[in-house]
Amino acid sequence: MRLRFSRKTLGIPYAVFLLFFVIIPMLVILFYAFTDNEMHLSFENFIRFFSDPTKLSTIVYSLVIALITTAVCLLIAYPVAYILARSKMKKKFVILLLFVTPMWINFVLRVNAIRELLSWIGLLGEANYFNTIFGMVYDFLPFMILPLYTTLLKIDESLYEASADLGGNAFTTFTRITLPLSMPGIASGITMVFLPSMTNYVVSDMLGNSMVTIIGKFIYEYFGTNWHMGSMVALILLIVVFLSTWLTGGFKEENTVRGANI
Amino acid sequence: MAEHIIELQDVTKYYDDNLVIDHVNLYVNKGEFITFLGPSGCGKTTTLRMIAGFDLPTSGKILLNGKDISLLPPNKRPVNTVFQRYALFPHLNVFENVAFGLKCKRVMNTYRNDEGKEYTKKERLSKKEIAGKVQRALELVDLEGFEKRSISTLSGGQQQRVAIARAIVNEPEILLLDEPLGALDLKMRKEMQIELKEMHKRLGITFIYVTHDQEEALTMSDTIVVMADGIVQQIGTPTDVYNEPANTFVADFIGESNIFNGTVVGDRKVRFCGKIFDCVDDFERNEPVDVVVRPEDVIMCAPEQGALKGTVISVVFKGIHYEITVQVGKYEVVVQSTESRKEGDVIGLNIEPDEIHLMKPKYTTNIFDGVITKHNTVEFADGEFECDVTQLYPGSHIDDEEYLVTASGEKLDLTGTEVRVEVGLTDIEISDDQNAGGTVGNIISIIYKGDHYRLIVRTNGEDEEDFVFATDDLWNENDLVSVIIPKDKIKLSLKHAEDKKK
């Protein structure tokens, strides 16, 4: 007998995967978020979260840290990506590789190294927020450089020439050609840096000397004691992330294609 | 005398170490339609890019209205370009694309202040002015109503028109067009050729056009600049370039040609295809020349009335004429005529004296700089060849230890000696086997000369030397071949009187 697979049958394993590892867990979170200890429907967690100033300030702090991290990453990554993408250097991929290699080294090891460095220069425990942001920028920079580099690389050189030909100076060319055409890369870079920097509490714990609490840490701690509250915080984070992705235009078909090919 | 709007003075351009423009001198008259024509890699686009300002000349000057603009950035030059693949901004719509240049523009406006004093201010164009200019430009290219369309929804021809509108809306002194019709299909191309020509008349500005299509160049231009290998081969009107090609390259590149090797045998008499013809060009007696005859200038007649007699070997119908190939002795002559003949017919051929064009041959021999190796071979043109080093010193011989012993008994070590290497045009062979010869290269040019082909092989290494030679075999352009030169055909002479002595 010849085995024949239609596209539908080939899709089954993925459907199963999505069901068990994405859809059911989401439903479980949703269920826990809106129930109390007796498993009765309850909005108490929701109300408690938004009436508790410490919880609210944590989410604001997380947002601020994530925003600063993303902004700093963008400010550092854009010039690097731009210079690399436009240079005619033959070995430029080596330089790109150097920027990206840290990604391949164990994450915990990297954070530990930064911790050692900070304690060596005496900053550990002195400037917790600075240290946290410093560590996050260091960790997430490659995720910003790569999508920017690929989108900038795809901009046809003749467009720059056309702009100059039509009388555009370097500033006009940048603001009216380069920047708008690299928006997809900026959007996917932001998505890839903003989200982890809201949740990655390993960095904030180790470098912020456990004095900086971000929303990820919060969720982790609640799941030790109160699954219902933990689920509620996770759900709220999900909504924040969803909103920020939507705001940066990350859901456009074209953008995912252009930004994601790293 | 016409005004020179652009003048190139001794312009040379290197990309890294590659020479792409070699001491080019030319000028463009104000208001004319000039075309840079040549095969790919001839330097025509680079020349255009230097006028636009995208590339800077390595040496030499570019003058605009007599002012040196060689180092001026593109945004400061009153020229606009229509790019090869249009280079439209994909994130802007048609209106925004066309308005781009106008939005960058600053104009000087003169005002009178309260005290009655005049003062000038640098200002942007108003929105209304921009909209008006864009609309007129779009009308000129027949794209009214397309303002809001996104670039990606336009066809190739429409994109082409947007690109033209985007350039001419700035009212440049010169419009540069870099193979603008290359991406269009044949019919569209013909239409755009006529439209561009019309536009040139209407706008009255200078057009500098780059193409590899000889027909396009002949149809559209007031002046054609034929380029090859970074060198200007000929500058002239389309009629001049077609009727009086300056050399065999131009003759072969523009239109069809019969090209023969000939010898001047007397006062305005030339011998080729085994017969003596009257001609109008004056050359020294016994001088070898290239003879060019256009196929439409060969007249068929009865066998006994022709200066040449031959047999028809092929007849091809080409629409408005027949292309008839005639075997005359060992030569092939191509004839274009509205009359047909049958294969196997014996016919006579005549050529009027003023249709026989004589040219000084560009190549008479191959000369290279070489160095003798320790094995008494010679290195040149990215390769190593066996040679007879004893010809450097008359009466010398090689001893058992590979030293050269001169006639007077002096022992010489020739290693590292710089020599001049000369190889005749008929002394070179090529082979598919890349190990068969002393060096390898690609065939960059093939010209048929009636009974043989003249090939140019350019070596692949750093030296990039050209070997010019005759062969009976037909090869293809770009074939990778090895160059074989028999040991006794390599003529060596010393470059310096001083020699290394043992």
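For the structure itself, look to the data block above.
Read on for an overview of the structure. Please read these numbers as outputs of a predicted model, since none were measured by experiment. (Residues numbered from 1 in each chain as written. Chains lettered and ligands numbered in written order. Predicted model: local features only at pLDDT ≥ 70, side-chain atom pairs only at ≥ 80, totals over all residues.)

Some words on the interface of chain A and chain B
Many structure descriptions define interface size as the accessible area lost when the parts assemble. Opposite the 15 residues of chain A that make contact, chain B presents 17 residues. When residues of the side of chain A that touches chain B are traced back to their parent elements, those giving at least two are helix 7 (157–165) and helix 8 (170–181) of chain A. With six residues, the single largest contributor to the side of chain A that touches chain B is helix 7 of chain A. Tallied by class, the residues present in the side of chain A that touches chain B amount to seven nonpolar, five polar and three charged. (Contact = placed C-beta atoms within 7 Å. Helix = DSSP H or I, 4+ residues; strand = E, 2+ residues; numbered from the N terminus. Nonpolar A, V, L, I, M, F, W, Y, C, P; charged D, E, K, R; others polar.)

With respect to the packing of helix 6 (residues 128–154) of chain A against helix 9 (residues 183–199) of chain A
Residue and element names in this part refer to chain A. Interhelical geometry of helix 6 versus helix 9 gives an angle of 160 degrees and a closest axis separation of 8 Å. Accordingly, the angle class assigned to the pair helix 6 and helix 9 is roughly antiparallel. Here helix 6 runs over helix 9; the crossing is right-handed. The segment helix 6 lies against helix 9, with M136, F140, F143, M144, P147, L148, T150, T151 and L152 engaging P184, G185, I186, S188, G189, M192, V193, P196 and S197. Partitioning the contact of helix 6 with helix 9 into residue classes produces 12 nonpolar, six polar and no charged. (Axes fitted to C-alpha atoms, helices over the stretch in contact; angles between N-to-C directions. Parallel < 35°, antiparallel > 145°, perpendicular 65-115°, else oblique. Left-handed = near helix turned anticlockwise from the far one by under 90°.)

Describing the pairing of strand 10 (residues 206–211) of chain B
All names here are of chain B. Among the six residues of strand 10, six are classified as buried, and the element is accordingly described as predominantly covered. On strand 10, burial covers both faces: T206, I208 and V210 on one face and F207, Y209 and T211 on the other are all buried. Direction of pairing for strand 9 (residues 174–178) relative to strand 10: parallel, over a ladder of five bridges. For L176, the partnering residue across the bridge sits in strand 10 and is I208. (Buried ≥ 20, exposed ≤ 12 C-beta atoms within 10 Å, placed from the backbone. Pairing = 2+ DSSP bridges.)

Considering the nonpolar core
Core analysis: the biggest nonpolar cluster contains 91 residues, and I51, V98, A165, L176, I208 and V226 of chain B have the highest contact counts within it. Contact partners of V98 of chain B, with chain neighbours within four places excluded, come to V134, A137, L138, V162, A165, R166 and V169 of chain B. Core analysis: the next-biggest nonpolar cluster, separate from the first, contains 43 residues, M144, I145, Y149 and Y201 of chain A among them. (Core = buried A, V, L, I, M, F, W, Y, C linked by C-beta atoms within 7 Å.)

Overview of the environment of L48 of chain B
Residues and elements named next belong to chain B. With respect to the element layout, L48 can be found in helix 1 (residues 44–52). Sequence separation between L48 and R161 is 113 residues, and the spatial gap between their C-alpha atoms is 20 Å. Ignoring anything within four residues of it in the chain, the contact list for L48 reads F36, L176, D178, I208 and V210.

What about the sheet that holds strand 35 (residues 491–494) of chain B?
By definition, the strands of a sheet pair up through backbone hydrogen bonds, in either a parallel or an antiparallel sense. All names here are of chain B. Spatially, five strands are ordered 25-24-23-29-35 in an open sheet, and the strand pairing comes out antiparallel. Taken across any chain shown, the strands that pair with only one partner, and hence form the sheet edges, are strand 25 (383–386) and strand 35. In this sheet, neighbouring strand axes are inclined to one another by 40 degrees on average, regardless of whether the strands run parallel or antiparallel. Note: strand 23 (residues 365–372) against strand 29 (residues 418–424), seven bridges, orientation antiparallel. Bridged to T365 within strand 29 is G424.

Description of the sheet that holds strand 14 (residues 269–272) of chain B
Residue and element names in this part refer to chain B. A sheet is described by the order of its strands in space; here five strands give the open sequence 15-14-13-16-22, paired in antiparallel fashion. Whereas interior strands pair on both sides, the edge strands pair on one side only; in this sheet they are strand 15 (275–278) and strand 22 (357–359). Between one strand axis and the next, the sheet turns by 40 degrees as a mean value, whatever way the strands run. Relative to strand 15, strand 14 runs antiparallel, the two being bridged by four bridges. Paired with V270 across the strands is F277, a residue of strand 15.

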